[in-house]
Amino acid sequence: MADNILQTLRVQIDDIDSQLVDLLAARSQLTKQVGEYKSQVGLPIYVPSREAELLEKRRQQAQEKEVSPNLVEDILRRVMRESYQTQSHQYLCANSEAGKVVVVGGKGALGGFFVSMFERSGYQVEVLDKDDWESAGNVLNNASLVLVSVPIRFTQTVISELSRLPPYCILADVTSVKSAPLASMLEVHQGPVVGLHPMFGPNIKSMAKQVVVVCEGRKAEDYKWLVDQIAIWGAAVYHTTAQQHDDAMAFIQVMRHFSSFVYGAHLAKENPDLDLLIALSSPIYRLELAMVGRLFAQDPVLYADIIFSNNKGFELLQRFSTRLQECLTLVENGDKQGFIDQFHHIADWLGDYANECLKDSEKLLQKANDDRTLNTGI
């Protein structure tokens, strides 16, 4: 009898789940229509006020229905992320008179992404890659925008080959270091120049909610349409100087990647049972371990370029090493109070952001725990 009751309930749950899939399919069709309309009139894919309004209404509805508002928000955020991707097939062209766009390195992963974005916005796009330099003159002729998307170690060499661009042509790059490439572009080309840093990898399906850093070079009024186009694609544009960018990247990229590298090197030398570490880990440690593992699943040359190319990176890492030794001395001396005092000092420096991180990380930890599969035999 109990088994029959359970089976009946499961059938009802399966039916509701099936209805959810049908509703999601219907919603997806509507969001595609929204995307088509936005592409026609030039509205951005991501509108923060619309998203906030939608979430607040559904949270209130959930509370009235005695359903967890957090559950409803989690579901909707995931659904909206999918909808941003389904809206991203075509975009309004910010400058229909721009002429030819050339992506240098357009056969690479990130370069190919920008080739796709420009083509989906209606631009004439040509690619100049490492095997195409014999025809570079023809490809670059009459270009209105030349976007350099090559590995960091080749960027300045490639820029030096672009000295004969039309005076009206915009010269831009998407390298993760900015000061040296921007200086090289300003030296080699007298027309409009701008440095860009997309703060994402090439595997994204939509630029909604992504950040693109813009480092001003020369003749901003001439490349305004390019910045406008990036915003139409859904990205948040952040303006800063090349030096401010590189100083920030020393912390955001160099120190973070190097710390993961050292963590991985230490694990490899210590050689613990990795399967046992994973099995016994709390969600937070599995996330930390995942970020280390993620690094070593990617191109080592890319990360070597990032770490070795930032002129502030080595000095920062030296200071980091010194502070590591200072903190290690606290442990060596059994100075728990000194540790606690430093803990309070750092917490004070972080201020309210620490509590924001606590709340945000809880969402990540819940997702990590949801994704975990346990072979319990039950």
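As the structure is a computational prediction, the values presented were derived from the model and not from experiment. Within each chain, residue numbers correspond to sequence positions counted from 1 in written order. Under the rules for a predicted model, residues below a pLDDT of 70 receive no local features and side-chain atom pairs below 80 are neither given nor counted, while totals for whole chains, interfaces and linings still include all residues. Heavy atoms throughout the structure, all of them, feed into the side-chain values; hydrogens and water do not.

Note on classification: 1.4 Å probe, protein chains only; a residue is buried when its accessible area is under 20% of the maximum for its type, exposed when over 50%, partly exposed between these limits. To qualify as a helix, a DSSP run of H or I must reach at least 4 residues; to qualify as a strand, a run of E must reach at least 2; elements of each kind are numbered from the N terminus. The buried fraction of strand β5 (residues 193-198) is high, at 6 of 6 residues. Here β5 shows no split at all, with Val193, Gly195 and His197 on one side and Val194, Leu196 and Pro198 on the other all buried. Look down the strands so they point away from you; if the path from the first strand over the helix to the second goes clockwise, the crossover is right-handed. Taken together, strand β4 (residues 170-173), helix α7 (residues 179-188) and β5 constitute a β-α-β crossover, and its handedness is right-handed.

In this section: the nonpolar core. Phe114, Phe118, Leu196, Met207 and Leu226 are the most contacted members of the largest nonpolar core, which has 40 residues in total. Per-element tally for this core: the top contributor is helix α4 (residues 109-120), with 6 residues. Residue contacts are defined here by distance: any two heavy atoms, one from each residue, within 4.5 Å place the two residues in contact. Setting aside residues no more than four positions away along its own chain, Met207 makes contact with Phe113, Met117, Phe200, Val212, Ile230, Trp233, Gly234 and Ala235. Throughout, nonpolar core names a set of buried Ala, Val, Leu, Ile, Met, Phe, Trp, Tyr and Cys residues whose side chains join them through atoms within 4.5 Å. Residues Val102, Val104, Val193 and Ala242 belong to the second largest nonpolar core, which totals 23 residues.

Think of a patch as exposed residues, more than 30% relative accessible area, with no salt bridge, where like charges cluster within 9 Å and nonpolar side chains (Val, Leu, Ile, Met, Phe, Trp, Tyr) cluster within 5 Å. For the area figures, the Shrake-Rupley method with a 1.4 Å probe applies, and any residue is considered shielded solely by the protein chains shown. In the sections that follow, a salt bridge refers to a side-chain nitrogen of Lys or Arg positioned within 4 Å of a carboxyl oxygen of Asp or Glu. Together, Ile346, Trp349, Leu350 and Tyr353 make up a nonpolar patch on the protein surface, roughly 480 Å² of accessible area in all. Take the nonpolar patch: its biggest share by element is 3 residues, from helix α14 (residues 336-350). Positionally, Ile346 belongs in helix α14. Its relative accessible area of 44% is what places Ile346 among the partly exposed residues.

In an α-helix, one turn spans 3.6 residues; hence positions three or four apart end up facing the same way. Multiplying 1.5 Å by the residue count of a helix minus one yields the expected span of that helix. Between its terminal C-alpha atoms helix α11 (residues 283-295) stretches 19 Å, which fits the 18 Å expected from 13 residues at 1.5 Å a residue. Considered for burial, the residues of α11 that qualify are Arg286, Leu289, Val292 and Leu295. Looking at the packing, one finds that the buried side of α11 touches α9 (242-270), α10 (274-280), α12 (300-309) and α15 (352-370).

The next point concerns the sheet that holds strand β3 (residues 143-148). Strand order in the open sheet made by the 7 strands is β2-β1-β3-β4-β5-β6-β7, with mixed pairing throughout. Of all the strands in the sheet, the pair left with one neighbour each is β2 (124-128) and β7 (236-240). In this sheet, neighbouring strand axes are inclined to one another by 25 degrees on average, regardless of whether the strands run parallel or antiparallel. The sheet contact formed by β4 and β5 spans 3 bridges and is parallel. At least two DSSP bridges between two strands are required for those strands to pair. Note on geometry: axes are C-alpha line fits, over the in-contact stretch for helices, and angles between N-to-C directions span 0 to 180 degrees.

All right, on to the packing of aromatic side chains then. Classification of ring pairs rests on two measures: the distance between centres of Phe, Tyr or Trp rings, Trp counted by its six-membered ring, which must be within 6.5 Å, and the angle between planes, read as stacked under 30 degrees, edge-to-face over 60 and tilted in between. The full count for this structure, using the stated rule, is 9 aromatic pairs. Ring plane angle 45 degrees and centroid distance 6.2 Å describe the contact between Phe339 and Phe343, whose orientation is recorded as tilted. Here Phe339 pairs with Phe343, and both are found in helix α14, just 4 residues apart, close to one helical turn. Ring-pair connections join several aromatic residues into one group, and the members of that group are Phe113, Phe114, Phe118, Tyr123, Phe200, Trp225 and Trp233.

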